[in-house]
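# Structural characterization, general
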Amino acid sequence: MDFVSALPALLEAFNILVLFYFVALNGVYLVTSLLAFGALRRHAARLSSFEVEDTLTTAGAPPITLLAPAYNEEATCVESTRSLLTLRYPDYLVLVVNDGSTDGTLERMTEAFELEETPLAPVAEIPTAPVRAVWRSRRHPNLWLVDKENGGKADALNAGINYCRTPLFCAMDADTLLEPDALSRIARVFVEDVETVAAGGIIRIVNGCSVRSGVVQRIGLPRSLLGRFQVLEYLRAFFAGRMGWDALDATLVISGAFGMFQRGVVVEVGGYATDTVGEDMELVVRLHRHCRERKIPYKVVYVPDPVAWTECPESLRILGRQRDRWQRGLIEAITRHSRMLFNPRYGRIGMLAFPYFFFLEMLGPVIEGLGYGAFALSVVTGRASTSYVVAFLAVAVVFGIALSIAAVGLEEMSFRRYPRYRDLLGLFWLAVLENLGYRQINAFWRLRGVVSKLRGVRGWGRMERKGFDVSGNRS
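Just so we're clear, the structure is a prediction, and the values are computed from it rather than from any experiment.

For Ala391, the location among the structural elements is in helix H13 (residues 386–414). By relative accessible area, Ala391 is classed as partly exposed at 28%. C-alpha separation for the pair Ala391 and Pro355, spaced 36 residues apart in sequence, amounts to 25 Å.

Let's shift gears to the sheet that holds strand S5 (residues 143–148). Taking strand neighbours across the sheet as the criterion, the 10 strands line up as S3-S4-S5-S2-S1-S6-S11-S8-S12-S7 in an open arrangement whose pairing is mixed. Edge positions in the sheet fall to strand S3 (115–117) and strand S7 (177–178), since each of these pairs with one other strand and no more. Bridge analysis of strand S8 (residues 196–205) against strand S11 (residues 258–262) gives 3 bridges, and the strand direction is antiparallel. The residue of S11 that forms the bridge with Gly200 is Gly259.

The two faces of the sheet receive side chains in turn, since in a regular strand these alternate between them. The sheet contact formed by S3 and strand S4 (residues 131–137) spans 3 bridges and is antiparallel. Opposite Leu115, over in S4, you have Ser137 as the bridge partner. What sits between the antiparallel neighbours S4 and S5 is a turn of 5 residues.

Moving on, we get to the pattern of salt bridges. Overall, the coordinates contain 25 salt bridges when judged by the stated rule. The shortest N-O distance in the salt bridge between Glu233 and Arg323 comes to 2.7 Å. Of this pair, Glu233 sits in helix H7 (residues 225–247) while Arg323 sits in helix H10 (residues 316–336); the two residues are 90 residues apart in sequence, bridging distant segments of the chain. Note on accessibility: Glu233 and Arg323 belong to one class, buried. A salt bridge links Glu293 to Arg289, with the shortest nitrogen-to-oxygen separation between them at 2.9 Å. Of this pair, Glu293 and Arg289 are both found in helix H9 (residues 279–293), 4 residues apart, which corresponds to roughly one turn of the helix. Looking at Glu293, the relative accessible area reads 23%, which means it is partly exposed. Through salt bridges with shared partners, one network takes in Asp99, Lys148 and Asp155.

Right, let's get into the nonpolar core. Core analysis: the largest hydrophobic core is formed by 76 residues, its most contacted members being Ile64, Leu66, Leu178, Leu183 and Met260. Broken down by element, the residue count for this core peaks at 9 residues, all from H7. Not counting residues within four places of it along the chain, the set of residues in contact with Leu66 comprises Leu84, Leu87, Tyr92, Leu93, Val94, Leu95, Cys170, Met172, Leu178 and Leu183. Membership of the second largest hydrophobic core comes to 70 residues, among which are Tyr29, Met281, Val284 and Ala443.

Under the definition given, this model contains 18 aromatic pairs. Arranged with centres 5.3 Å apart and planes meeting at 65°, the rings of Tyr21 and Phe22 form a pair that is edge-to-face. Ring centres 6.1 Å apart and planes at 45° place the aromatic pair Tyr388 and Phe392 in the tilted group. Separated by 4 residues within a single helix, Tyr388 and Phe392 lie in helix H13, roughly one turn from each other. Phe392 shares its class with Tyr388; the two are buried. Aromatic ring contacts, followed pair by pair, group Tyr21, Phe22, Tyr372, Phe375, Tyr388 and Phe392 into a single cluster.

What follows deals with helix H12 (residues 364–380). For H12, spanning 17 residues, the distance from its first C-alpha to its last is 24 Å, which sits close to the expected 24 Å at 1.5 Å a residue. Considering bend angle alone, the principal kink of H12 is centred on Gly371 and spans about 25°. All of the buried residues in H12 are Gly364, Pro365, Ile367, Glu368, Gly371, Tyr372, Ala374, Phe375 and Ser378. Backbone geometry just after H12 places Gly382 at a positive phi near 75°.

Turning to the side chain of Ser378, a few remarks are in order. Looking at the element boundaries, Ser378 is found in helix H12. Those residues in contact with Ser378 that sit more than four places away from it in its chain are Leu11, Asn15, Arg383 and Ala384.

To continue, consider the confidence of the model for the protein chain. Across the protein chain, the average pLDDT comes to 90, with 93% of residues at or above 70. Per-element confidence in the protein chain ranges from a low mean pLDDT of 60 for helix H2 (residues 52–59) to a high of 98 for helix H8 (residues 263–268). For the stretch residues 471–475, pLDDT sits under 50, and the model shows 20 contacts to residues farther than four places along the chain or on other chains.

Before going further, it helps to spend a moment on the packing of H9 against H10. It is the contact of H9 with H10, at a shortest axis distance of 9 Å, that shows an interaxial angle of 20°. Comparing their axes, H10 and H9 come out roughly parallel. H9 and H10 meet at a crossing whose hand is right-handed. Two secondary-structure elements touch here, H9 through Met281, Glu282 and Arg289 and H10 through Leu330, Ala333, Ile334 and Arg336. In the contact of H9 with H10, the residues fall into 4 nonpolar, no polar and 3 charged.

The rules behind these values
Residues numbered from 1 in each chain as written. Predicted model: local features only at pLDDT ≥ 70, side-chain atom pairs only at ≥ 80, totals over all residues. Heavy atoms only, no water. Helix = DSSP H or I, 4+ residues; strand = E, 2+ residues; numbered from the N terminus. Buried < 20%, exposed > 50% of the residue type's maximum accessible area, 1.4 Å probe, protein only. Pairing = 2+ DSSP bridges. Salt bridge = Lys/Arg side-chain N within 4 Å of Asp/Glu carboxyl O. Core = buried A, V, L, I, M, F, W, Y, C linked by side-chain atoms within 4.5 Å. Contact = heavy atoms within 4.5 Å. Phe/Tyr/Trp six-rings, centres within 6.5 Å; stacked < 30°, edge-to-face > 60°. Expected span 1.5 Å × (residues − 1). Bend = angle between axes of the 7 residues up to and from the residue. pLDDT = per-residue confidence, 0-100. Axes fitted to C-alpha atoms, helices over the stretch in contact; angles between N-to-C directions. Parallel < 35°, antiparallel > 145°, perpendicular 65-115°, else oblique. Left-handed = near helix turned anticlockwise from the far one by under 90°. Nonpolar A, V, L, I, M, F, W, Y, C, P; charged D, E, K, R; others polar.

And the structure:
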């Protein structure tokens, strides 16, 4: 039998594989959504019984250093740094790492915070690009800046860890805004359980919100449809995804925009890997592997109430680059630690979380991206039966809509950050609309990320920032 005559049978077999993929993917999301529902209710009930600040005062608030790598962040660095200086936490330092910026980042920081060069010796020896100088603010004694040659985000974080003198550090992006109580809320889990080695909070989209003095004053949705799709996407990822995985004690991802770590353990594993664009996920996977292989009691957790606000891309070109990079980072983290796959030595991480990310997140874009093309080809050539079309639309579209609606429901049930009914109804409508174009484009970007990785593409690509609009009138 030649290839042409075998093509119809191959197409039918691939279509069945695509159906199984969507059933598996959405089935996992259904399970994690149900687990998240129960976990969020328990979490909300627990928080209502005590004040976070009182708990830290009673137990003792551990000193924390905030590490904020900055590369060409002239548009946002001052506003985001101001937000860090307004946090309600008794003992913390802000350490901005200027990673060889070629714009006015250093000048803006020096002018805004009256920085002056100050001698400071490193306390760890993780290899990094050369450090040129260390600066300290005359106006804010807890604000430091490390100026170094360019080496990438992971290299900048490692430089910050070298100069970090506190037992905990919080890694974040230079354009991230933390809510005033975010540090207290995420530090709580380290105080309550000394085995916690890493914790992540929720990331929300700041586009469409008004910002004043580094603090989000009014919450709203972005004006652009692309930005609104990302709001819904983030809600689904954090509420229906990471909350559910945390309920299974199988957290594998902590966002690079907001995560807290035990400094000593991170130094033990050698800091962030500088040869990957997915340094945030790779570090978390390596921490799991390190602790499991050495039988060290540990916990990696997700905490839904500490909030970090970040600017999302509002152009298809920039968003496509971001998703391409995310997919490459995922592939690098998973393939580097592939021995964990279905390995009982690594517990629920090896038996549950790792297989999900390996088959459904790493390989999934290939199946999903090509699946949409195979579906269209089957319909156009008349080879798609009515039952197949109905099944495909049910598992690929209707099921996806239901899960997105569930994510919005989890947000409304737990934290209600979008107080206007117009915004809430808009999110429910977006849950329908995103499955009719945006999801398919996103699948293409992730498939392109797979191809980019196979081609050996490296680097982040250029990301453009608009900065925080204090009027809230973002385009």
